[in-house]
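Reading the structure
Spelled out, the chains give:
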Amino acid sequence: MAVEIGSSSAPKASFWRDQRNRAIMTQVVVISLFVAFVWFIVDNTIENLARLGIEPGFEFLGEIAGFMPTSPNFNLTNFDMNSSTHGDVFLLGLVNTILISFCGIVLATVVGFIVGVLRLSSNMLISFVAAIYIEGTRNVPLLLQILIWYFGVFLSLPNVRSSLDIGEVIFLNDRYLTFPVPVPEPGFMLFPISLILAIGAVVVLAKWAKKRQDATGEQFPVFWTSVGLVTVLPLLALIVTGFPVTWDIPSLQGFNFQGGTQAPAAFWALLAALTFYTGAFIAENVRAGIQAVSHGQTEAAFALGLRPGLTMRKIIIPQALRVIVPPTTSQYLNLTKNSSLAIAIGYPDLVNVFTGISLNQTGNAVEIIALTMLVYLTISLLISLFMNWYNKRIALVER
Amino acid sequence: MTDISYVKTERHESLPPPKSEVGIIHWLRSNLFSTWYNSIGTVAVLYLFYLVVPPLVDWALISPVWDAQSNQDCRFEGAGACWGFIGARINLFFYGFYDMENYWRPTLVGLMLLFLAIPILFEQVPRKVASGGFALFALFWAIWAIGGIGTVASLNLAVAAGVFLFLAAVAIASYLKAPRSACAIAVVAAFPWLSVSLLYGPLNVESLQSGFGIAIYAILLIGGGALGLWSRQRRDALGTMVGFLLAYAALVIIYMSWGMDLTVQPTNTFGGLMLTLVLSVVAIGVSLPLGIVLALGRRAHTMPAVQMLCIGFIELVRAVPLITILFMAQFMLPLFLPEGVNFDNVVRALVGVSMFASAYMAEVVRGGLQAIPKGQFEAADSLGLNFFLKMRLIILPQALKIVIPGIVSTFIGLFKDTSLVSIIGLMDLLLIAKSSVTDSKWLGLEHEAYFFIALIYFVFCFGMSRYSIYLERKLHTGHKR
């Protein structure tokens, strides 16, 4: 009596009960609903646009804008009211968004790291103040903080004629902060070239020093050599070429300042609010990261005879960074997205000048909002890519 | 025998610890002056306190003007904050431009929400206390409403009875130890519509204007109910669900169009804290279920098309700022809909904020789903549970429990983000504050207005974050060493 193995298969599920068939059917239903939804929207939009007389497409980007989205002294893309187009408005907004995001990210990181470490201070008073700062900023909407900085702080400064000054070269008033800009003369190119050379040399030096320390354990004073290289080389270049640079120093003429660059109060208010708001979140990340490194690591480092500073730099921070980096990446993304709140105080960022004014003038809502979203999508992806690369670099190398 | 008289026969009394190791001096030394840089820090912080605290206390508490008719009353030498301004405009800050006669409507909704939330939020509140609280609330309401009929023109018997019945039902259900899920379903099914009717009033449902429409709804209601009951007897889950859902939908629409015959309060009169709360509560209520659906869709490995749609939605929404989504809701929604169909401004903002919050919530829930070991899924499968039962009974209770802190912090973010609707012109707390100081009577009182609303936002957000910490502690008892 031979038993045929394999013949006693489970009873076949009915067609409607088969998991695979169900999955396919669900997908067909979802996709057809989605397609119907998109078709409904597109159809309505085309009809509505035709009714409103709006020409769909991106031709409007080539039309003359006819408005001045920024003050003449804070004009990074040389926007000209008579000849610049909506495309130039887009470019101006983009540059301003990137500028404020970049400055914000750098400053927020600095603030966040300092406060995060202070929050863990053994000094109760200091850690208490850090806690007040963190809780106070994290629990109040950013938009409100931007308004407080703008209306409460920067607009309360003295007016232009009685500006606060720092050494007669930097002036601060209720409209802007103006500071000198260098004007290069012939032969100045040697300075940036030497600076780049110095930075390149520092990178090479740091790599070499790390390799040597990993191999032999011998240390090299990378920090001080780097400082020396970066200062001495460009200075040398300046001396050799005889300081070919003049400063355009702002001076009060009549009712306004002439010369220099004027960064508007809105810029500083936005920068301050973004920095302190995001800084508080980063501080919490830093605190969590440092606390995640077990105390045994510190003790082991001390047992090996490392000094406290070295312990921090070589043992604690590298391990803490692995915990700190991912949430901090999302804070950087948040900061970039939050810079769009500029619209509340009139800093000419992308959303304010392009999605705000250009949209109102041209009516091409679909294109403008899609373009704006695309820009933020791209910036988000770029920051994510960079931070993922960095995260991979510092990640624990496991077997 | 050797003489051992030099050995003590009685125990020496313990000495007090050295002065430097106990008491205030030790505390100061170890906490504030342990090293030279800590000492410098302490002195610096104390100096900072000296600079900031006394003027602030003086401004806010010692020399403010508590009673003012206009900003002129606050403009004298040594005057502190002009709290009289807040006192004079407090209704504006809380209710916006809502009819003063109808303030009881949002207040009642808020009270009901509070009473419903407390037993859900704090599990150790005994059932008897919760149901007693509700019964008392219902009683007070009945007394107030009966006393108010005739005096308050807009309050009628239907409202009084409706709210009383709802409160009494919750009280009884809670006292009878009905399962928590049954209570929750009852509340979820009834509370939103009751609140919308109370806040807004009757909705204008066009299909209910004609006799034919009414007949259709009646058929839906009765037919749906009958189908549900019949299918239930036949143990047909699908039929039961479809039947009861149809009947429920018809009932809701009929009820909303009746709206207890209250006067209509247009949404453009909503404002202040009330609008902020409406926006955040609705967005919270929508984003949690929608976020769970999106998270499940994102992890549906057997259905790549569904997965792609969910990933696309989540990542797109998370990559762009909320303000662009609000702009989209403002400028593009009208283009997307057929001519003539128009949404209310507040509803548009609600759509935008809810979409935004759902994407973030989906990511939080996904984190929880990923933390559940595969064995749990397999165990549920091997028990023969279908997808919905598996999720409802096995996976989601565990997954959601893990991510409660994340969910609460999403709520906090959401509450703060509602302030962005002020940019598209809704009169929320922030815009009320901003515009109330442009009133010529109260010009130049930005500091007071912003300080006041910052305090309100802080109380809500800080309260939520403390609650999240409390939950975290409560749920982590199992891992404590």
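Predicted model, so just to flag it, every value in this text is computed and none were measured.

1. Considering the overall build of chain A
Summing up its helical and strand segments, chain A has eleven helices and eight strands in all. A compact globule built from 399 residues should have a C-alpha radius of gyration of about 21 Å, whereas chain A, at 29 Å, is more than 25% larger. Burial status across chain A gives 40% buried among its 399 residues. The long-range share in chain A, meaning contacts at least 24 apart out of those at least 6 apart in sequence, stands at 68%. Carbon together with sulfur atoms contributes 68% to the accessible area of chain A, which is approximately 22200 Å² in total. Positive and negative side-chain charges of chain A, numbering 22 and 22 respectively, have mean locations separated by a distance of 17 Å.

2. A short note on the UniProt feature "domain: ABC transmembrane type-1" (unreviewed entry) in chain A
Annotation from UniProt places "domain: ABC transmembrane type-1" (unreviewed entry) at residues 94-387 of chain A. In residues 94-387 of chain A, the share of helix is 69% and the share of strand is 10%. The end C-alpha atoms are 21 Å apart.

3. Brief notes about the environment of Thr 372 of chain A
Inspection of the secondary structure assignment puts Thr 372 of chain A in helix α11 (residues 365-394). Assessed through its relative accessible area of 0%, Thr 372 of chain A is described here as buried. The spacing of Thr 372 of chain A and Leu 94 of chain A is 278 residues in sequence and 9.3 Å in space, taken between C-alpha atoms. Once residues lying within four places of it in the same chain are set aside, the contact partners of Thr 372 of chain A are Leu 350, Val 351, Phe 354 and Thr 355 of chain A together with Thr 324 of chain B.

4. Observations regarding the interface of chain B and chain A
The interface of chain B with chain A comprises 55 residues on the first partner and 55 residues on the second. Interface of chain B and chain A: buried area, both sides summed, is about 4600 Å²; carbon and sulfur atoms make up 75% of it. The interface formed by chain B and chain A includes zero salt bridges. Looking at the side of chain B that touches chain A, the elements with two or more residues in it are α1 (23-31), α2 (36-62), α12 (304-319), α13 (322-336), α17 (404-417), α18 (429-436) and α19 (446-475) of chain B. Taken together, the residues of the side of chain B that touches chain A break down into 37 nonpolar, eleven polar and seven charged.

5. Notes on the domain arrangement of chain B
Split into domains, chain B comes out as domain 1 (17-55) and domain 2 (63-98 + 267-481). A separation of 41 Å is found between the C-alpha centroids of domain 1 of chain B and domain 2 of chain B.

6. Section: unusual backbone geometry
Leaving glycine aside, a negative phi is the common case for residues, and trans is the common case for peptide bonds. Residue and element names in this part refer to chain B. The backbone of Arg 235 sits at a positive phi, close to 55 degrees, despite the residue not being glycine. In this structure, Arg 235 sits in the loop between α9 (211-233) and α10 (237-258). For Arg 235, a relative accessible area of 77% translates into the label exposed.

7. A few points about the sheet that holds strand β2 (residues 170-172) of chain A
Residues and elements named next belong to chain A. With antiparallel pairing, the four strands of this open sheet are ordered in space as β1-β2-β3-β8. Unpaired on one side and paired on the other, β1 (164-166) and β8 (261-264) mark the two borders of the sheet. Averaged over all adjacent pairs, the angle separating strand axes in this sheet is 20 degrees, with direction ignored. Pairing of strand β3 (residues 176-179) with β8, which is carried by four bridges, proceeds in the antiparallel orientation. For Tyr 176, the partnering residue across the bridge sits in β8 and is Pro 264. This element, helix α7 (residues 265-292), spans β3 and β8 of the sheet and lies at about 55 degrees to β8.

8. Concerning the packing of helix α10 (residues 350-362) of chain A against α13 of chain B
How two helices sit against one another is set out by the angle between their axes and by the gap between those axes. The N-to-C vectors of α10 of chain A and α13 of chain B enclose an angle of 10 degrees; their axes lie 12 Å apart at closest approach. When the interaxial angle is binned, α10 of chain A and α13 of chain B end up roughly parallel. Along its contact with α10 of chain A, which presents Val 351, Thr 355, Leu 359 and Asn 360 of chain A, the element α13 of chain B presents Ile 323, Thr 324, Phe 327 and Phe 331 of chain B. Broken down by class, the residue content of the contact of α10 of chain A with α13 of chain B amounts to five nonpolar, three polar and no charged.

Parameters at a glance
- Residues numbered from 1 in each chain as written.
- Chains lettered and ligands numbered in written order.
- Predicted model: local features only at pLDDT ≥ 70, side-chain atom pairs only at ≥ 80, totals over all residues.
- Heavy atoms only, no water.
- Helix = DSSP H or I, 4+ residues; strand = E, 2+ residues; numbered from the N terminus.
- Rg over C-alpha atoms; globule rule 2.2 N^0.38 Å.
- Buried < 20%, exposed > 50% of the residue type's maximum accessible area, 1.4 Å probe, protein only.
- Contact = heavy atoms within 4.5 Å.
- Areas by Shrake-Rupley, 256 points an atom, 1.4 Å probe, with all protein chains shown as cover.
- Lys, Arg positive; Asp, Glu negative; His and termini not counted.
- Charge placed at Lys NZ, Arg CZ, Asp CG, Glu CD.
- UniProt positions renumbered as here; feature names shortened; annotations may be inferred.
- Buried area = accessible area lost by both parts, 1.4 Å probe.
- Salt bridge = Lys/Arg side-chain N within 4 Å of Asp/Glu carboxyl O.
- Nonpolar A, V, L, I, M, F, W, Y, C, P; charged D, E, K, R; others polar.
- Domains from an automatic or database assignment.
- Pairing = 2+ DSSP bridges.
- Axes fitted to C-alpha atoms, helices over the stretch in contact; angles between N-to-C directions.
- Parallel < 35°, antiparallel > 145°, perpendicular 65-115°, else oblique.

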